[in-house]
Amino acid sequence: MCGICGFVDNKLLDKQETLLNMMDKIIHRGPDSSGEYIDETAALGFRRLSIIDLADGSQPLYSETGRYVLTFNGEIYNYQNIRMKLIAKGYKFKTHTDSEVLVHGYEEYGTDLLSHLRGMFTFVIWDNVEKVLFGARDFFGIKPFYYYQNKKDDLFVYGSEIKSILEHPDVPKVLNEDALEQYLTFQYSPPNDTFFKGIKKLPPGHFFILKDNEMSITRYWEPIFNEKEGTLDEFVTQIDETIKNSIKIHKISDVEVGCFLSSGVDSSYVASCFNGDKTFTVGFNNEKYNEISYAKELSAQIGIENFSKIITKEEYWEVLPEIQYFMDEPLADPSCVALYFVSKLASEHVKVVLSGEGADELFGGYNIYKEPVDNARYHKLPLALRNFLAKIAISLPFSFKGKNFLIRGAKTIEERFIGNAFIFSEDERKRLLRIRTHAKSPFEIVRPFYAKVSNKDDVTKMQYLDMHMWLVGDILLKADKMSMANSLELRVPFLDKEVLNIATKIPLNYRVNKENTKYAMRLAANKNMPEATAKKKKLGFPVPIRIWLKEEKYIEIVKKEFMSKNSNKFFKESVLVQLLDEHVNGKKDNSRKIWTVYMFLLWYKEYFN
């Protein structure tokens, strides 16, 4: 695991100084060693966290003639098979690292190299003869790739993190106010723009080619749901075999591999099957927000040592500015802080951990996915009747049990679901903001994804959307940034091409039904661990911000930011104070809205003050 950065720039004279500054900004991604390649046109930088071929795996790596230069961030789990095929074709390898198969693979297959890979990655290959830069991001977006292009000045800058790109002297640091408004709804910046004007994200499953200052982006892979016939037992067996195989190849390493462990089925499944020695868990001093006892009990049952940590309130709040710095962009998911601490704990013992991200999107695990199943009978009522009941519910000035059900029941899935977080509505964010932007509505942003699966059932539509939005913009982003902030490689065996291949074939009633979510996957997990764990309701990383935001100490901390000059640039103070007062007085649970604004303000101080 590493960090990469670089640029194509004919005008910059001192390329080395700029490249070294960029590399220094991501030293946490690769503290073990560094390397760079510089010619009259391009500069490629690399920071290394040594995992495979510890002695000879440094980068950049070169083709035999020196024409192609590679820098790579990630792991290719099937590299040994690819290597054998390339050796049979006459290619000579200088190392035993997974990186080198990319150089020779590109020589042999061109861009079709990507169809041969099984892993997580972002990489670039510079052709110093034709002056062409080729780059790609993995299938699911496990590893990040940012870029900035100024065609007028013949400039292209890229990096694993935005903070690295900002070190180039010709990259402006300007807030993207459209991203701020969209963030208020999603709690992250939806693809493909960022909070910095001109800096973009390469989407998952895409590659690019930069030639003569023209950048072309091509999608090379996407998930396709295509249900197949089969018995429940057949699918459970296939799921279990495929996931165990994925866990096995995700353990390929020349250093020890550990595993994150919560009380949920996903990480418990991985921990029960990975045949390692160490698991890592964090929690809080509150029984509802502490999964340590579950983790220790399971670890004892499977004969693995569990390392745990209680995160104090003081520790949590103190580290928030640092978290937002490492995130590059504001993220209002409170669990990213817990992920930071469990990564820090693990990094004291191992260099690599396995984790359970992705199972919910692939197998249908989120509780919200049950809504179309549970409400199927109501949705059989005529739309005109449902619209009539919704209008009555909206017109009533008071709340009552079932009001939200009636309102949502008149909407299609495309009109009511934008992902697992919906913080501020369009009207709410307009009332909150002082500034006026050209931000798209949330439903306009998600519409293209829904269009791809317009003929599928509602649960499949939700899964497909979450794979492209929530998984990339929140789940995988925080997993990468929080682990790499602690120089720790995080691997996600559920997010594997072969696992997806079986997950997309599972019939709906084996994914989500009246009994449970992730139904077939839970049965597969049940073969390897206690039944109670396999059936346990999903919690995620529970964090008690709702409780903390009623304590005077933390109310004052937040209120100070809400009344600051920075806040006044963007938000109406009266609306923010109302959000706090309503929450403190118990009128509404505004904790997520308060947190979303507060995280942006902390991030803004880190990057613009």
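Residues numbered from 1 in each chain as written. Predicted model: local features only at pLDDT ≥ 70, side-chain atom pairs only at ≥ 80, totals over all residues. Heavy atoms only, no water.

**Student:** What's the story with the pattern of salt bridges in this structure? I'm lost.
**Tutor:** Two side chains of opposite charge can pair, provided their charged atoms sit close to one another. Following the criterion strictly, the structure yields 36 salt bridges and no others. Its salt-bridge partner being Asp193, residue Lys200 comes within 2.7 Å of it at the nearest N-O pair. Residue class for Lys200 comes out partly exposed when judged on its relative accessible area of 32%. In this structure, Asp474 and Lys478 form a salt bridge, with 3.5 Å as the shortest nitrogen-oxygen distance. Placement of the pair is Asp474 and Lys478 together in helix α20 (residues 470-484), with a separation of 4 residues, close to one helical turn. Owing to a relative accessible area of 0%, Asp474 belongs among the buried residues under this scheme. Here the salt bridges share partners, and the residues they tie into one network are Arg29, Lys143, Glu161, Lys163, Asp328, Asp480 and Lys481. (Salt bridge = Lys/Arg side-chain N within 4 Å of Asp/Glu carboxyl O. Buried < 20%, exposed > 50% of the residue type's maximum accessible area, 1.4 Å probe, protein only. Helix = DSSP H or I, 4+ residues; strand = E, 2+ residues; numbered from the N terminus.)

**Student:** Even after reading the chapter, I still don't get helix α8 (residues 292-302), so can you show me in this structure?
**Tutor:** Each turn of an α-helix holds 3.6 residues, which means side chains three or four residues apart point in the same direction. Turning to α8, its buried residues number three or more, namely Ile292, Ala295, Leu298 and Ser299. For α8, the angular spread of the buried residues around the axis is 135°, confining them to a single face. Of the residues in α8, the exposed ones pointing more than 90 degrees away from the buried face are Ser293, Glu297 and Ala300. Tucked into the core, α8 has its buried residues touching α7 (265-273), β14 (278-283) and β15 (305-310). Gly303 sits one or two positions beyond α8 and adopts a positive phi of about 75°. (Arc of directions from axis to C-beta. Contact = heavy atoms within 4.5 Å.)

**Student:** What am I meant to see in a nonpolar patch on the surface here?
**Tutor:** A surface patch of nonpolar side chains, about 330 Å² in accessible area, is lined by Leu381, Leu385, Phe388 and Ile392. With respect to the helices and strands, Ile392 occurs in helix α14 (residues 383-395). (Patch = residues over 30% accessible without salt bridge, like charges linked within 9 Å, V, L, I, M, F, W, Y side chains within 5 Å. Areas by Shrake-Rupley, 256 points an atom, 1.4 Å probe, with all protein chains shown as cover.)

**Student:** Is there a simple way to think about α14 in this case?
**Tutor:** Here α14 contains 13 residues, and its C-alpha end-to-end distance of 18 Å stays within 8% of the 18 Å for a straight helix at 1.5 Å per residue. In this structure, the buried side of α14 is in contact with α15 (403-409). (Expected span 1.5 Å × (residues − 1).)

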